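# A closer look at the structure
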Amino acid sequence: MKKKYMILILLLVILLSAFYWFWQSKKDNGEVVSDTTGGEIIPSTSINPLDNKPNINPIDQTNPFKNIKTNPFE
């Protein structure tokens, strides 16, 4: 009977230790994020989504038809 209580107490101590460790690791990660961002989460402004947009303005293109022969008699 005494052996069962010892095993039960040992399991309880292991579970409480695991819960405490898990809780502390979550708490520490949150503090690290808030310390590095100054308390706020600010989106990155160094990435411009319009840098890789295609050029669809036809005025910017010189001549899309390059293999057309012109009439020399005009």
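The structure displayed is predicted, hence computed values, not measured ones. All residue numbers refer to position in the chain's written sequence, counted from 1. In keeping with the model being predicted, local features are shown solely for residues with a pLDDT of at least 70 and side-chain atom pairs are shown and tallied solely at 80 or more, while totals for entire chains, interfaces and linings include all residues. Where side-chain values are given, they derive from all heavy atoms of the structure, hydrogens and water being excluded.

### Remarks on the overall build of the protein chain
Basically, it comes down to this: The helix and strand labels rest on DSSP assignments: H or I over at least four residues marks a helix, E over at least two residues marks a strand, and numbering proceeds from the N terminus. For every residue, the accessible area obtained with a 1.4 Å probe (protein chains only) is divided by the maximum for its type, and the residue is called buried under 20%, exposed over 50%, and partly exposed between those limits. Only the protein chains shown count as cover for residues, and the accessible areas themselves come from Shrake-Rupley with a 1.4 Å probe.
Looking only at helices and strands, one finds one helix and zero strands in the protein chain. For the protein chain, buried positions account for 1% of its 74 residues. Accessible surface, the protein chain as shown: approximately 8,100 Å² in total, 65% of it carbon and sulfur.

### Looking at a nonpolar patch on the surface
Just so we agree on the cut-off: Within this analysis, patches are made of residues with over 30% relative accessible area and no salt bridge. Like charges are joined at 9 Å or less; nonpolar side chains (Val, Leu, Ile, Met, Phe, Trp, Tyr) at 5 Å or less. A pairing counts as a salt bridge when a side-chain nitrogen of Lys or Arg comes within 4 Å of a carboxyl oxygen of Asp or Glu.
Residues Met-1, Tyr-5, Leu-8, Ile-9 and Val-13 make up a contiguous nonpolar surface patch of roughly 570 Å² in combined accessible area. For Met-1, the position within the fold is in the segment before helix H1 (2-37).

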